[in-house]
Amino acid sequence: MTNSPLQFANPELTRRYMLQKSGYGLGVCALASLLNQDASADRREKPLEMRTPDFPARAKNVIYIHLVGAPSHLDLFDYKPQLQERNGQLCPDEFFQGKQLAFIREQPVLMGTPKSADYAFKKCGKSGLEISNLLPNLQGVADELSIIKTVTTEQFNHAPAQLFMLTGFERFGRPSIGSWVTYGLGSENQNLPGFVVLITGQILGAGSSAWGSGFVPTVYQGVEFRSQGDPVLYLSNPQGMTPESRRGIIDTVNRLNQVQVADVADPEIATRISQYEMAYRMQTSVPELMDIKAESQRTHEMYGTEPGKTSFANNCLLARRLVERGVRFVQLFDEGWDMHGSVFSNLPKKCKQVDQPIAALIQDLKERGLLDETLVVWSSEFGRTPMAQGKNGTGKETKAGRDHHKEGFSLWMAGGGVKGGFSYGQTDELGYAPVENEVPVHDFNATILHLLGVNHERLTYRYQGRQFRLTDVHGNVVHEIIA
């Protein structure tokens, strides 16, 4: 008898067997479909185009200053007279036993701020906000600051803590806060990146992941600007290349990329097209931006800037010029605040480097009518212990410093819709941990997004089959600091 086309050649290959085996293939197809959804999660033709916030924003732009290594907040913003009085006493057991400390291995002694005029705290402005004399210029703009004294983090070593503060996760691979903001809101200026990074000193321990885009398209990552040479690497045309020739090459490459993106819908190809166009426009916009010589003599004196040199002061002035041109997120990194030894001789030097330009930035923004719409942030990855560290990592005796401290530390914001001359939260009498209004890192980041008109729970990106966000599954907005 001739087999019917509907019969199986192998009599053991039943319909049930076929469906059972083909189920694996269907699963693979489903997985491929999900992965394709993730790969094409962002197909915007103009990825940096302005987008409407979730609700009316208090701030349009952010200047985020991160002091790498973590300044001693107890000697700058959180005055503790009891700690001064108990200086040299053995620290309480609960401050040491079972705690995570980077270098302290033997029960240490308490260490208060020196009782000298240089380190004295002063009630400043109409608000009476207490700030150390190490920051005399910042004292002058105290009525613009909203100091949060009870920030806590989950990490006590630099790189993981930097990543946790700036990406919401302690390991590599997540988008930074600047990337989340530009992904969610875009940028006003289409001739400059939406997210710009300026660095003084060595790069921080977390490396470029601190301003990376993680799994969102790379168009949203921070672009590092340099003070010397080409502001952005390879921005200038090679010798012999005319603008017309460069334009022709870009047009040809982009046409090929358009064919490819239509075929595979890879967002990174769309990013490449956008970045080629952006780089071409930046050849004109960036040199004009970076030329601070055109600023007035009064402005240079106010900031302490020196055109042509690399300095934190120059970067503060550039930050103002960037937000003035509509750049959404500007991040300044300043290295050198990791003071495990000789804290009372090193801290005044670093404060002198940043105090004048940061105060000038706030005053300059205010004079230009930009402070109300620009959020300025003073940040670090953690704080410093109220106990003395007398040995370095190798066990060698050192002049007293302060170890890493994750239990409670001070950060501040200014402008952008926050209350001025305001202090939020309180640590115990020795400055070890919050006793009132603790603010975890996720709350701090949720508040920044809220000031920009973004609901932190709705700003998500689908990756590996789930929705991710900056605040993970946490975060409460600190409404009390909002004006």
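The rules behind the values
- Residues numbered from 1 in each chain as written.
- Predicted model: local features only at pLDDT ≥ 70, side-chain atom pairs only at ≥ 80, totals over all residues.
- Heavy atoms only, no water.
- Helix = DSSP H or I, 4+ residues; strand = E, 2+ residues; numbered from the N terminus.
- Buried < 20%, exposed > 50% of the residue type's maximum accessible area, 1.4 Å probe, protein only.
- Contact = heavy atoms within 4.5 Å.
- Areas by Shrake-Rupley, 256 points an atom, 1.4 Å probe, with all protein chains shown as cover.
- Pairing = 2+ DSSP bridges.
- Phe/Tyr/Trp six-rings, centres within 6.5 Å; stacked < 30°, edge-to-face > 60°.
- pLDDT = per-residue confidence, 0-100.
- Axes fitted to C-alpha atoms, helices over the stretch in contact; angles between N-to-C directions.
- Parallel < 35°, antiparallel > 145°, perpendicular 65-115°, else oblique.
- Left-handed = near helix turned anticlockwise from the far one by under 90°.
- Nonpolar A, V, L, I, M, F, W, Y, C, P; charged D, E, K, R; others polar.
- Salt bridge = Lys/Arg side-chain N within 4 Å of Asp/Glu carboxyl O.
- Core = buried A, V, L, I, M, F, W, Y, C linked by side-chain atoms within 4.5 Å.

Student: Explain the overall build of the protein chain here, please?
Tutor: Scanning the protein chain for helices and strands turns up 11 helices and 17 strands. Considering the protein chain as a whole, with its 483 residues, one finds that 52% of them fall into the buried category. Contacts in the protein chain between residues at least 24 apart in sequence constitute 76% of all its contacts with a sequence separation of at least 6. Summed over its atoms, the accessible surface of the protein chain is roughly 21,900 Å², and 50% of this surface lies on carbon and sulfur atoms.

Student: Looking at this structure, how should I read helix 5 (residues 177-185)?
Tutor: The buried fraction of helix 5 amounts to eight of the nine residues, a majority that puts the element mostly inside the structure. Among all positions of helix 5, only Ile-177, Gly-178, Ser-179, Trp-180, Val-181, Thr-182, Tyr-183 and Leu-185 are buried. Just downstream of helix 5 lies Gly-186, where phi reads positive at about 70 degrees.

Student: What's the story with the pairing of strand 7 (residues 329-335) in this structure? I'm lost.
Tutor: For strand 7, a buried count of six out of seven residues is recorded, marking the element as mostly surrounded by other parts of the structure. In the sheet, strand 1 (residues 61-68) pairs with strand 7 via seven bridges, with the strands oriented parallel. The residue bridging Ile-63 from the neighbouring strand is Val-330, located in strand 7. Across six bridges, strand 5 (residues 195-200) lies against strand 7 in parallel orientation. When the bridges of strand 7 are listed, Val-197 appears paired with Gln-331.

Student: Whenever I open this one, the packing of aromatic side chains confuses me. Can you help?
Tutor: Any aromatic ring pair is given by two values, namely how distant the centres are and how the planes are angled relative to each other. Tallied over the full model, the rule gives 16 aromatic pairs. Between Phe-77 and Trp-378, the ring centres sit 5.3 Å apart and the planes meet at 90 degrees, which makes this aromatic pair edge-to-face. Note that Phe-77 is positioned in the loop between strand 1 and helix 2 (81-85) and Trp-378 in strand 8 (residues 374-379), a separation of 301 residues in sequence. In this pair, the class of Phe-77 matches that of Trp-378, namely buried. Ring geometry for Tyr-183 versus Tyr-461: centroids 5.4 Å apart, planes at 75 degrees, classification edge-to-face.

Student: Is there a simple way to think about the confidence of the model for the protein chain in this case?
Tutor: Any segment with low pLDDT has predicted coordinates that should not be analysed in fine detail. Within the protein chain, residue pLDDT values average 88, and 79% of them lie at 70 or more. Confidence drops under a pLDDT of 50 for residues 1-8, and excluding neighbours within four residues, the segment shows four contacts in the predicted structure. The low-confidence segment residues 28-35, where pLDDT is below 50, has one contact with residues more than four positions distant or belonging to other chains.

Student: Would you mind going over the pairing of strand 2 (residues 121-124) with me for this structure?
Tutor: Taken residue by residue, a regular strand's side chains alternate between the two faces of the sheet. Here four bridges tie strand 2 to strand 3 (residues 129-132), and the two strands are oriented antiparallel to one another. Looking across to strand 3, one finds that Phe-121 is bridged to Ser-132. In this structure, the hairpin formed by strand 2 and strand 3 is closed by a connection of four residues, where Gly-125 is found at a positive phi of approximately 65 degrees.

Student: Explain the packing of helix 9 (residues 312-324) against helix 10 (residues 343-367) to me, please; I cannot follow it from the model alone.
Tutor: With their axes 8 Å apart at the nearest point, helix 9 and helix 10 run at an angle of 20 degrees to one another. The pairing of helix 9 with helix 10 is recorded here as roughly parallel in orientation. Both helix 9 and helix 10 take part in a crossing whose hand is right-handed. On helix 10, the residues touching Phe-312, Ala-313, Cys-316, Leu-317, Arg-320 and Val-323 of helix 9 are Gln-353, Val-354, Pro-357, Ile-358, Leu-361, Asp-364 and Leu-365. In terms of residue class, the contact of helix 9 with helix 10 is made up of 10 nonpolar, one polar and two charged.

Student: Before we go on, may I ask you to explain the pattern of salt bridges in this structure?
Tutor: If charged atoms from side chains of opposite charge come close, those side chains can pair. Counted according to the given criterion, the structure contains 25 salt bridges. Where Asp-78 meets Lys-80, a salt bridge forms, and the shortest distance between an N and an O atom there is 3.7 Å. The buried category is assigned to Asp-78, whose relative accessible area is 3%. Residue Arg-320 pairs with Glu-295 through a salt bridge whose shortest N-O separation is 2.7 Å.

Student: Quick question: what am I supposed to make of the environment of Ile-147 here?
Tutor: With respect to the helices and strands, Ile-147 occurs in strand 4 (residues 145-152). If sequence neighbours within four positions are ignored, Ile-147 has contacts with Phe-77, Leu-129, Ile-131, Ser-410, Leu-411, Trp-412, Phe-422, Ser-423 and Tyr-424.

Student: It is not clear to me how the nonpolar core should be interpreted in this structure. Could you clarify?
Tutor: Across soluble globular proteins, you tend to see nonpolar side chains buried next to one another. In terms of nonpolar packing, the biggest core is built from 58 residues, with Leu-138, Phe-225, Ile-358 and Trp-412 touching the most fellow members. A total of 10 residues in this core trace back to one element, the largest contributor, which is helix 10. Val-62, Ala-70, Ala-446 and Leu-451 belong to the second-largest nonpolar core, a separate cluster that totals 56 residues.

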